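Structural characterization, general
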Amino acid sequence: MVENIRLISAQVVEEVLKYDELIPVIESALGKFSNRPQSGVIQPLRTCLRIPAVDGFLGVMPAYSESDGVLSTKLLTFFPHNSGGLSTHSALTVLFHCQTGVPTAILDADVITAYRTAAASAVATKHLVSGSPKKLAILGAGVQARSHFYALSHLYNFYEVTIWNHRPEKAKALAAELGNHVTSVDDAEKAVRDADVIVTATNSSTPVLKAAWVKSGAHVNAVGSCRPDWHEIDPLLMQTAAVYADSKEAALKESGDVIKAGATIVAEIGELVLGKVQPRNSETTVFKSLGIAIEDAVAASLVLSKLDAHTASTQ
Ligand SMILES: NC(=O)C1=CN([C@@H]2O[C@H](COP(=O)(O)OP(=O)(O)OC[C@H]3O[C@@H](n4cnc5c(N)ncnc54)[C@H](O)[C@@H]3O)[C@@H](O)[C@H]2O)C=CC1
Ligand SMILES: O=C([O-])C1=[NH+]CCC1
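Overview of the structure. None of the values given here were measured: they were computed from a predicted structure.

**Notes on the pattern of salt bridges**
Opposite charge on two side chains permits pairing when their charged atoms draw close. Taken as a whole and assessed by the stated rule, the structure comprises 18 salt bridges. In this structure, Arg46 and Glu254 form a salt bridge, with 2.8 Å as the shortest nitrogen-oxygen distance. With Arg46 in the loop between β2 (41-42) and β3 (47-51) and Glu254 in helix α8 (residues 248-254), this pair connects stretches of sequence that are 208 residues apart. Exposure remark for Arg46: the relative accessible area of 13% places this residue in the buried category. Close ionic contact of Arg146 with Glu177 constitutes a salt bridge, the shortest N to O distance being 2.8 Å.

Here it is, written out as structure tokens:
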């Protein structure tokens, strides 16, 4: 059995996974997730095994989508104190044959996690922001900061992009890598001033974004602090903005931003995708992203179908 399992490296994933294909796939998955089980999606809340010694966790994230023909589980570790070039998140996705249950592939899921999370934020932004946002601000300068820049830039032509990080040298390096309309800003308040779209993607356990800094009508993709006792957003913003989530169940159990602020979730992004809920114009919005297993399942399936198409075209 093990000899027939395909092993897909991060490098191969990076070569084939493109936002023009991934964003619609994630959009469809979010819709199906919010219409489960009728849509054929089955996905429980992930199991997070805490590792107190390193302040981290091991997450187990199974998902099944009948219509996509995909059964998978992602195994993910978050070790926030990793340093010296070692990434804080490590992930594998295992795919199984839907009829036989036989494992078919193991994918390095580091790149998938970076891309599918940013693709979900792109979907949320598309449904919650009207018109053409001009300024993007990113708090954090790690893996998710980079993937969010590319996914959101795939949808919009930002005139200005600012990056803040608690270690300014990382923000400077990322800004230099991303292009000449991207600048690093040492003060988080200045970085988000007048921003139309804000991304928070840090490992902070305390708020990095204050309500008073956010322009009225702006949209925030709140990507970090996926733990019930960590928060990255000022509770006042969570209480006053219209808050959306990828999963209401996950937001209420896993998100310190939601739990500590006692925030109300207006709707899931999938409900917007399905047209079940209409966004209210011009309100300040927050997308509380936790990351859901169905995103990993369909992204992994997309990678394999791209590889299969490539193989077929070269035979
Ligand atoms: N919603 C989702 O689906 C996903 C969420 N995440 C979360 O997004 C966040 C960022 O993830 P990555 O970019 O992969 O991590 P990373 O480790 O690559 O980057 C984290 C960034 O946060 C900064 N940082 C670390 N400690 C900080 C502190 N105390 N205050 C302010 N900034 C601090 C680092 O300098 C770095 O710029 C994490 O909280 C992670 O758990 C990650 C993957 C998926
Ligand atoms: O869904 C995911 O992969 C993650 N959510 C929080 C950390 C990683």
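**Things to note about the pairing of strand β5 (residues 70-78)**
As paired strands, strand β4 (residues 56-65) and β5 are joined by 9 bridges and run antiparallel to one another. By the bridge assignment, Leu58 is partnered in β5 with Thr77. Between β4 and β5, which pair antiparallel in sequence order, lie 4 residues; one of them, Gly69, sits at a positive phi of approximately 60 degrees. Two strands pair when backbone bridges link them, and β5 and strand β6 (residues 89-96) are joined in this way by 8 bridges, in the antiparallel orientation. Note on β6: the bridge partner recorded for Thr77 is Ser90.

Analysis parameters
- Residues numbered from 1 in each chain as written.
- Chains lettered and ligands numbered in written order.
- Predicted model: local features only at pLDDT ≥ 70, side-chain atom pairs only at ≥ 80, totals over all residues.
- Heavy atoms only, no water.
- Salt bridge = Lys/Arg side-chain N within 4 Å of Asp/Glu carboxyl O.
- Helix = DSSP H or I, 4+ residues; strand = E, 2+ residues; numbered from the N terminus.
- Buried < 20%, exposed > 50% of the residue type's maximum accessible area, 1.4 Å probe, protein only.
- Pairing = 2+ DSSP bridges.

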